[in-house]
Amino acid sequence: MATHGARGRSGGRPTLEEVAARAGVGRGTVSRVINGSPRVSDATRAAVEAAVAELGYVPNTAARALAANRTDAIALVVPEPETRFFAEPYFSDMLKGVGAALSDTEMQLLLIFAGSDRERRRLAQYLAAHRVDGVLLVSVHADDPLPDLLAQLEIPAVISGPRSSAETLPSVDSDNYGGARQAVEHLLSRGRTRVAHITGRLDVYGAQRRVDGYREAMSDAGHRVDEGMIEAGDFTEEGGHRAMVALLERHPDIDAVFAASDVTASGARRALRDAGRRIPEDVALVGYDDSAIARHMEPPLTSVRQPIEEMGRRMIDLLLTEVADRRPLASRGLERRQMVLATELVSRSSS
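As the structure is a computational prediction, the values presented were derived from the model and not from experiment.

**As for the overall build of the chain**
And then number 1: Secondary structure assignment for the chain yields 14 helices and 12 strands.
And then number 2: The proportion of buried residues among the 351 residues of the chain is 50%.
And then number 3: Considering only contacts within the chain whose residues lie at least 6 apart along the sequence, 71% involve residues at least 24 apart.
And then number 4: Roughly 16500 Å² of accessible area belongs to the chain as shown, and the carbon and sulfur atoms make up 50% of that amount.

See the structure below:
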């Protein structure tokens, strides 16, 4: 009795043509079934899948990728030091969303750090060799040369938040302006009048928009915006601590603080406690991100929730659309999309 294993008529690996002959269809139909095209009837799909199983046919994904000038790899590039990546929940949540979105594809995900000049030079050489189909850029600063490099190399890219209001790359972000307004309006509704703001890094557009939201919420409520109540931070715990110390020295009558991240708020809380201020009795505190830090802080931290995992998923959706589009990148400018997701204030004991 003849048996059919992983060898075709020639004694080698079964070929696409042999699968087509066994199923009684054309080579192109087999290719469409293997690649998941919806333009195949259920009966034809079943016949092809049965032929694949009988012959033990294994698609040559490497050959497919080469023929399509594809690598089946996506790079998640973080232009920050590794220490910051592993210290801040924002990055792990983003990675979780990206990984979930890629789990149903054959794409591989590469995590690349580019926080130093040496790492950036190495990354530029890697990208110039076109070893990835597309790039996700997370935590992009205004003067970062990576987006322009990707455009020069014609590599599709999506960034987690625009570099400015004139961004040309596809981007996914949360509503930083609206989230900041929610935080400040919440504090004002609790009777606080001396509301300070510790910013994020101001070369990040999202941090600039949070400052805008703070200023306009204060102004719209009839409060004069005192620039001395705004202190620059850098999204880190130490930055939050330094900023809070500086604010208390200038304005010891502060009764509320909006911090640009939960990590920053944790540093501010330490400075407030060192100064003998009770939270929330003396100073109310609100953070941003609604990370695990907010839930585990004592007292639990009121925070603006941004859907970070969902942002990661949407970034992948946009990037795969860009990768599939065969037109030159320069010709897609008017169709580039900037996606903004809603935020939500989560009220806890700190305010």
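**Some points on the pairing of strand E1 (residues 73-78)**
And then number 1: E1 sits mainly inside the fold: six of its six residues count as buried.
And then number 2: Burial of E1 is two-sided: the residues Ala73, Ala75 and Val77 facing one way and the residues Ile74, Leu76 and Val78 facing the other way are all buried.
And then number 3: Bridge count for E1 against strand E2 (residues 108-113) is six bridges, and the pairing is parallel. Looking at the pairing, Val77 lines up with Ile112 of E2.

**Some thoughts on the environment of Arg305**
And then number 1: Among the secondary structure elements, Arg305 is positioned in strand E10 (residues 302-305).
And then number 2: Judged by its relative accessible area of 35%, Arg305 is partly exposed.
And then number 3: On a C-alpha basis, the gap between Arg305 and Tyr288 in space is 6.5 Å, while along the polypeptide they are 17 residues apart.
And then number 4: Residue contacts for Arg305: discarding those within four places in its chain leaves Asp289, Asp290, Thr343, Glu344 and Val346.
And then number 5: Of note is the side chain of Arg305, whose polar atom sits 2.7 Å from the side chain of Asp290.

Each value, and the rule that gives it
- Residues numbered from 1 in each chain as written.
- Predicted model: local features only at pLDDT ≥ 70, side-chain atom pairs only at ≥ 80, totals over all residues.
- Heavy atoms only, no water.
- Helix = DSSP H or I, 4+ residues; strand = E, 2+ residues; numbered from the N terminus.
- Buried < 20%, exposed > 50% of the residue type's maximum accessible area, 1.4 Å probe, protein only.
- Contact = heavy atoms within 4.5 Å.
- Areas by Shrake-Rupley, 256 points an atom, 1.4 Å probe, with all protein chains shown as cover.
- Pairing = 2+ DSSP bridges.
- Polar contact = N/O pair within 3.5 Å; in protein donor to acceptor, adjacent residues only side chain to side chain.

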